[in-house]
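Residues per chain, in single letters:
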Amino acid sequence: MSQYERMVIVTGNANRQLAEAIARYVKRPLGDALVTRFRDGETRVLLRDDVRGADVFIIQPTSPPVNQHVMELLVMIDAAKRASAGRITAVLPYYGYSRQEKKTVGREPISAKLVADLIQRAGAHRVLTVDLSNPAIEGFFDIPVDHLHAGPLLAHHVQRLLRETHDIVVAAPDVGAVRLADRFRSYLDNAPLAVLFKDRPQPDEVTMQGLIGDVVGKTVVLVDDLISTGGTLIAAADLLEANGARTVIAVATHPVLAEGALERLAASALYTVFVTDAIPVPNPPEAIRVISLAPLLAEAINRVHYDISVSELMHQPRLPL
Ligand code: R5P
């Protein structure tokens, strides 16, 4: 039994396809919400379904165009609050601005904290998100945050691809990804770990400085949280091949995909790249496999609604894959 009589799922414009898939899994229609723009560009929202007293889930990755999608989210939360929703959960399969989560030089903002403040101030009671670039961002909120991991889901698909392969090494393409890669290898029978050292001489330029670990003759699975230009994974794959890796594949939760990234990845040394649909990937080339987060998010939404623990979903969820 839920303390809320009804569950209502609505979405902005960031990822309607994912929201529809989630609604199908939870066996409820997607709520009727108008999310558009006034002529001057301001965000216009109208929740056409009654949400009074309801458990409202707003599905909206704050993906590019980030500012527009953040604003849609905030205005939808405000609309639900003013329509007397019982509880509002912001479902953020991708949390935009998460890379600005600390000051690296003076006079920089901490935008990830500012966005967390805005979401709370707008009226969200909970947040459900996936693979934050830094788990410390959870602490930027003073409301409950359920932080899911796509790792088990992605690992399931990697295992299916590499069924006959034994010599697997999991690699972090930079020091920042070591924790993620270390966790990922636990889903692949504790495969050995390799670490690459990345440098960024310019914001959009990547060079690989070195590698720790034996990759000669191995199938290497690179693990990262997001792909933007693709530069990190492509440079990592080149270095791994130069060091004797037999095949290199990659997994990354968030396909942010700057312009041209898909083409660059498809033409690279990477055999296959698994990403999720946290952010839509229109017309992916064959080398890019998009795995849906819908079953994971739907299960988490059901558990939040019925007050059931979400933490077991963090490890090896048994989901209809
Ligand atoms: C930061 O280091 C992240 O984990 C990613 O490695 C990075 O943002 C990917 O960006 P790009 O695809 O542009 O190299």
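Our structure's up above, just so we're on the same page.
Throughout what follows, the structure given in this document is the object of discussion. Every residue gets a number counted from 1 within its own chain, in the order that chain's sequence is written. Local features in this predicted model are restricted to residues of pLDDT 70 or higher, and side-chain atom pairs are both shown and tallied only at a pLDDT of 80 or more, whereas totals for entire chains, interfaces and linings draw on every residue. Heavy atoms from the whole structure form the basis of all side-chain values; hydrogens and water molecules are not counted.

1. What about the nonpolar core?
For the purposes of this section, nonpolar cores are sets of buried Ala, Val, Leu, Ile, Met, Phe, Trp, Tyr and Cys residues that join through side-chain atoms within 4.5 Å. Exposure categories follow from relative accessible area, calculated using a 1.4 Å probe and restricted to protein chains: below 20% of the type maximum is buried, above 50% is exposed, and the middle band is partly exposed. In terms of nonpolar packing, the biggest core is built from 52 residues, with Ile22, Leu148, Val158, Phe184, Val221 and Leu297 touching the most fellow members. Take this core: its biggest share by element is seven residues, from helix 8 (residues 294–305). By the convention used here, residues are in contact when the closest approach between their heavy atoms is within 4.5 Å. The contact partners of Leu148, leaving out residues within four places of it in the chain, are Leu128, Thr129, Val130, Asp131, Leu296, Leu297, Ala300, Val310, Leu313 and Met314. Formed by 34 residues, the second largest nonpolar core is a distinct cluster that contains Leu47, Val56, Ile77 and Val127. Put simply, DSSP H or I for four residues or longer makes a helix, DSSP E for two residues or longer makes a strand, and each gets a number counted from the N terminus.

2. Digging into unusual backbone geometry
The peptide bond linking Pro64 to Pro65 adopts the cis configuration, its omega dihedral lying at -5°. Take Pro65: it is sitting in the loop between strand 4 (55–59) and helix 2 (66–82). With phi around 65°, Ser84 is a residue other than glycine that occupies positive phi space. Here Ser84 lies in the loop between helix 2 and strand 5 (87–92). Positive phi outside glycine occurs at Asn283, with the angle close to 45°. Judged by its relative accessible area of 73%, Asn283 falls in the exposed class.

3. Digging into the site of the ligand
If even one non-hydrogen atom of a residue comes within 4 Å of a molecule or strand, that residue is called near it. Asp224, Asp225, Thr229, Gly230 and Thr232 are the nearest of the 13 residues found near the ligand. N or O atoms within 3.5 Å of each other form a polar contact, as long as, within protein, one can give a hydrogen and the other can take it, and as long as residues adjacent in sequence are counted only when both atoms are side-chain atoms. Within the side chain of Lys198, one N or O atom sits 3.3 Å away from an oxygen atom of the ligand. A distance of 2.5 Å separates an oxygen atom of the ligand from a polar atom in the side chain of Thr232. Here the ligand has 370 Å² of accessible area as a free molecule, and 84% of this is covered by the chains. Residue-level accessible areas treat just the shown protein chains as cover; the underlying method is Shrake-Rupley with a 1.4 Å probe.

4. A few points about the packing of aromatic side chains
A pair of aromatic rings is counted whenever rings of Phe, Tyr or Trp (Trp by its six-membered ring) have centres within 6.5 Å, and the orientation is called stacked for planes under 30 degrees apart, edge-to-face for over 60 and tilted otherwise. Tallied over the entire structure, the rule returns two aromatic pairs. Measuring from centroid to centroid gives 6.0 Å for Tyr95 and Phe141, while their planes differ by 70°, and the two rings are edge-to-face. Linking Tyr95 in the loop between strand 5 and helix 3 (111–122) with Phe141 in the loop between strand 6 (126–130) and strand 7 (145–148), this pair joins segments that are 46 residues apart in sequence. Phe141 shares its class with Tyr95; the two are buried. Summarising the aromatic geometry, the rings of Phe184 and Tyr187 are spaced 6.1 Å apart at their centres and angled 85° between planes, so their arrangement reads as edge-to-face.

5. Some words on the packing of helix 1 (residues 16–25) against helix 8
Orientation is described by axes fitted as lines to C-alpha atoms, over the contacting stretch for helices, and by angles from 0 to 180 degrees between their N-to-C directions. Relative orientation of the contacting elements helix 1 and helix 8 amounts to 55°, with a least axis distance of 8 Å. On the basis of their axis angle, the class for helix 1 and helix 8 is oblique. The two elements helix 1 and helix 8 cross, and the hand of that crossing is right-handed. Counting all contacts with helix 1, which are made through Leu18, Ala21, Ile22 and Tyr25, the residues of helix 8 involved are Ala294, Pro295, Leu297, Ala298 and Ile301. The classification used treats Ala, Val, Leu, Ile, Met, Phe, Trp, Tyr, Cys and Pro as nonpolar, Asp, Glu, Lys and Arg as charged, and all other residues, Gly among them, as polar. Residue composition of the contact of helix 1 with helix 8, grouped by class: nine nonpolar, no polar and no charged. Orientation categories follow fixed angle ranges, with anything under 35 degrees roughly parallel, anything over 145 roughly antiparallel, 65 to 115 roughly perpendicular, and all other angles oblique. Take the far helix as your reference; a near helix turned counterclockwise from it by less than a right angle gives a left-handed crossing, and one turned clockwise gives a right-handed crossing.

6. Regarding the pairing of strand 13 (residues 273–276)
Neither face of strand 13 is left uncovered, since the one carrying Val273 and Val275 and the one carrying Phe274 and Thr276 both have all their residues buried. Where strand 12 (residues 247–255) and strand 13 come together, three bridges link them in parallel fashion. Residue Ala252 lies in a different strand from strand 13, and its bridge partner there is Val275. The sheet contact formed by strand 13 and strand 14 (residues 288–291) spans four bridges and is parallel. Paired with Thr276 across the bridge in strand 14 is Ile291. Two strands are counted as paired when DSSP detects at least two bridges linking them.

7. Some remarks on the pattern of salt bridges
For this analysis, a salt bridge means a side-chain nitrogen from Lys or Arg found within 4 Å of a carboxyl oxygen belonging to Asp or Glu. In this structure the tally under the stated criterion is twelve salt bridges. Taking the shortest distance from any N to any O, the salt bridge between Arg48 and Asp32 comes out at 3.4 Å. With Arg48 in the loop between strand 3 (43–47) and strand 4 and Asp32 in the loop between helix 1 and strand 2 (33–37), this residue pair connects regions lying 16 residues apart in the sequence. Looking at Asp32, the relative accessible area reads 35%, which means it is partly exposed. Across the pair Asp174 and Lys198 runs a salt bridge, and its minimum N-O distance is 2.8 Å. You can see Asp174 sitting in the loop between strand 8 (168–172) and helix 5 (178–186) and its partner Lys198 sitting in strand 9 (residues 193–199), a full 24 residues away along the chain.

Read these as geometric descriptors, not functional statements.
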